[in-house]
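Residue strings, one per chain:
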Amino acid sequence: MKLSSFGKKLTSGSGIVGLMEDLGDALNENPDMIFMGGGNPARIPQMEVVFKAQYQSLCKNNEQLYSTTGVYQSPQGELGFRRDIANMLKNQFGWPLTEANIAISNGSQSAFYILFNLLAGQMPDGSFKSIHLPLTPEYIGYNDLGLSEKFFTGSKPDIELIGDHQFKYHVNFDDLAVDDKTAALCVSRPTNPTANVLTDDEISHLDQIAQQADIPLIIDGAYGVPFPNINFIQAEPHWNNNTILVLSLSKLGLPGVRTGIVVAAEQVIEAFSNANTVINLASGNIGPSLTRDLFASGEIVELSKQYVQPFYQQRSQQVMALFKQAMSDLPCRIHLSEGAIFLWLWFEGLPITSEALYQRLKKRGVLVVSGHHFFAGIDDEWPHQHECIRVSYVQDLSEIEQGVKIIAEEVKLAYQQG
Ligand SMILES: Cc1ncc(COP(=O)(O)O)c(C=O)c1O
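What counts, and where the lines are drawn
Residues numbered from 1 in each chain as written. Predicted model: local features only at pLDDT ≥ 70, side-chain atom pairs only at ≥ 80, totals over all residues. Heavy atoms only, no water. Helix = DSSP H or I, 4+ residues; strand = E, 2+ residues; numbered from the N terminus. Rg over C-alpha atoms; globule rule 2.2 N^0.38 Å. Buried < 20%, exposed > 50% of the residue type's maximum accessible area, 1.4 Å probe, protein only. Contact = heavy atoms within 4.5 Å. Lys, Arg positive; Asp, Glu negative; His and termini not counted. Charge placed at Lys NZ, Arg CZ, Asp CG, Glu CD. Polar contact = N/O pair within 3.5 Å; in protein donor to acceptor, adjacent residues only side chain to side chain. Near = heavy atom within 4 Å. Areas by Shrake-Rupley, 256 points an atom, 1.4 Å probe, with all protein chains shown as cover. Expected span 1.5 Å × (residues − 1). Pairing = 2+ DSSP bridges. Salt bridge = Lys/Arg side-chain N within 4 Å of Asp/Glu carboxyl O.

1. Thoughts on the overall build of the protein
Stage number 1. From N to C terminus, the protein includes 12 helices and 16 strands.
Stage number 2. A globule of 418 residues ought to have a C-alpha radius of gyration of about 22 Å, and the protein, at 21 Å, matches this closely.
Stage number 3. Overall size of the protein, expressed as C-alpha extent along the three principal axes, is 65 × 55 × 50 Å.
Stage number 4. Looking at the protein residue by residue over its 418 residues, the buried ones come to 54%.
Stage number 5. A sequence separation of at least 24 residues applies to 74% of the contacts in the protein between residues at least 6 apart.
Stage number 6. Here the protein contributes 29 positive and 46 negative side-chain charges, whose respective centroids are spaced 5 Å apart.

Given below as structure tokens:
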């Protein structure tokens, strides 16, 4: 088969595809593998009860069932669902939204594919623009979404050391080079992979920079407020007409329904919906149908606060304590756990690369993700890129306990072998 440039780019096996394949193979080779690698959300029994009840009521109502599975919805998504979301966000945060500011996508990943390529790449005048990531490390899933080369630029963070074992990244505004080649700024908040939550000041500074440069600020709220609200610190939600906020039902526990939500200026929503029609014809209806009542009543916000957020916050504290104990005599720092579903570990001066550590851990039956995948747009050989790993803490706690022990043993061995 002869592949086009597009075909080659999307099938090269680099980035997220290679990573997911590697994780899949490792699990097939060893089903007992301790899985601290992927980004699947946890099973939260209380949420499963709510979703099951929603499924059951959907199946009992013929008309609802038909409109869920028997019709193409409009390219922007079902009007009533978009109206409910707009109202909920308006009531929660006072944002001046209507249904014209909301579009539905097949998962937020596909929304990013469309949004990024609408804004960046080759421009009609022949010039190229890129998406700037103001704070890398950033979400690995962005890396291969751009249809042209050098699609992302990134800024290294400032690193605040906290005590002997923790740290926090901050946006390095001195290094934030926005110029006429920058199409948009993009941040995930809370951030995958680091569990960082950009401060309110950082967000308002980025907003100011974006407005001055007349480019959008894209905020990826896959873990953010008001749902799934996997946010452990006080942080003001942000939206204005220059912001493109992308939300998702996935981390509520519904990654299989593939529903993303774009909240943006009407002009952006129109462009997005046209492109979404070309690519998808329409978005799936199951996610909207299952959650519509929860949005209309505002229950989605309460469920997130009552069950989703506490589950992850408690788990993050438990696993943080396990790591602190296991790593107390090692040069290991853990990023402050402010949200999302991961811990981000930094082994300063690690004599082997994080990729080599990942391979050694895989042999010992523990899957993590090597940190070097998360530095899109940073092309120099910054050692920090090869000194970090991301671990997820959604699996069974006893397995994680075992995983932490093995990670500590391998890290210790790596330092000793020096
Ligand atoms: C930060 C972030 N953004 C976007 C996504 C994509 O999620 P989905 O396509 O399931 O909405 C993920 C998935 O893990 C993520 O971690």
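Having put the structure on the table, let's press on.
2. A closer look at the side chain of Ser-188
Stage number 1. Structurally, the position occupied by Ser-188 is in strand 8 (residues 182-188).
Stage number 2. A relative accessible area of 2% places Ser-188 in the buried class.
Stage number 3. Here the side chain of Ser-188 touches Glu-138 through a polar contact of 2.7 Å, side chain to side chain.
Stage number 4. Side-chain polar atoms of Ser-188 contact the backbone nitrogen of Asn-192, separated by 3.4 Å.
Stage number 5. Not counting chain neighbours up to four residues away, the residues in contact with Ser-188 comprise Glu-138, Tyr-142 and Asp-220.

3. Some words on the site of the ligand
Stage number 1. Inspection of the region around the ligand gives Gly-107, Ser-108, Gln-109, Tyr-139, Asn-192, Asp-220, Ala-222, Tyr-223, Ser-248, Ser-250, Lys-251 and Arg-258 as its neighbouring residues.
Stage number 2. One of the side-chain nitrogen or oxygen atoms of Ser-108 is found 2.7 Å away from an oxygen atom of the ligand.
Stage number 3. At 2.8 Å, a side-chain N or O of Tyr-223 approaches an oxygen atom of the ligand.
Stage number 4. Relative to its free-state accessible area of 400 Å², the ligand is covered by the protein chains to the extent of 93%.

4. Observations regarding helix 8 (residues 266-280)
Stage number 1. In this model, helix 8 (15 residues) spans 20 Å end to end at C-alpha, consistent with the 21 Å of a helix rising 1.5 Å per residue.
Stage number 2. For helix 8, the set of buried residues is Ile-269, Phe-272, Ser-273, Ala-275 and Asn-276.
Stage number 3. Elements in contact with the buried residues of helix 8: strand 2 (102-105), helix 6 (108-119) and strand 11 (260-263).
Stage number 4. Within two residues after helix 8, Leu-281 carries a phi angle of roughly 70 degrees, on the positive side.

5. Some details on the sheet that holds strand 13 (residues 342-347)
Stage number 1. Read from one edge to the other, the open sheet built from 6 strands follows the order 6-7-12-13-16-15, with strand pairing classed as mixed. The two strands at the open ends of the sheet, each matched to only one other strand, are strand 6 (158-162) and strand 15 (369-370).
Stage number 2. Pairing of strand 7 (residues 166-170) with strand 12 (residues 332-335) involves 2 bridges; the strand directions are parallel. Following the sheet pairing, Phe-167 is matched in strand 12 by His-335.

6. Looking at the pattern of salt bridges
Stage number 1. Applying the stated rule across the entire model yields 11 salt bridges.
Stage number 2. The salt bridge involving Asp-329 is made with Lys-412; its shortest N-O contact spans 3.1 Å. Here Asp-329 is found in the loop between helix 10 (299-326) and strand 12, whereas its partner Lys-412 is found in helix 12 (residues 397-417), with 83 residues between them in sequence.
Stage number 3. Residue class for Asp-329 comes out exposed when judged on its relative accessible area of 52%.
Stage number 4. Between Arg-364 and Glu-409 there is a salt bridge, and its shortest N-O distance comes to 2.8 Å. Note that Arg-364 is positioned in the loop between helix 11 (354-363) and strand 14 (366-367) and Glu-409 in helix 12, a separation of 45 residues in sequence.
Stage number 5. You can call Arg-364 partly exposed: its relative accessible area is 36%.
Stage number 6. Residues joined in a network through salt bridges with shared partners are Arg-364, Lys-405, Glu-409 and Glu-410.

Don't take any of this as a statement about function, it's just geometry.
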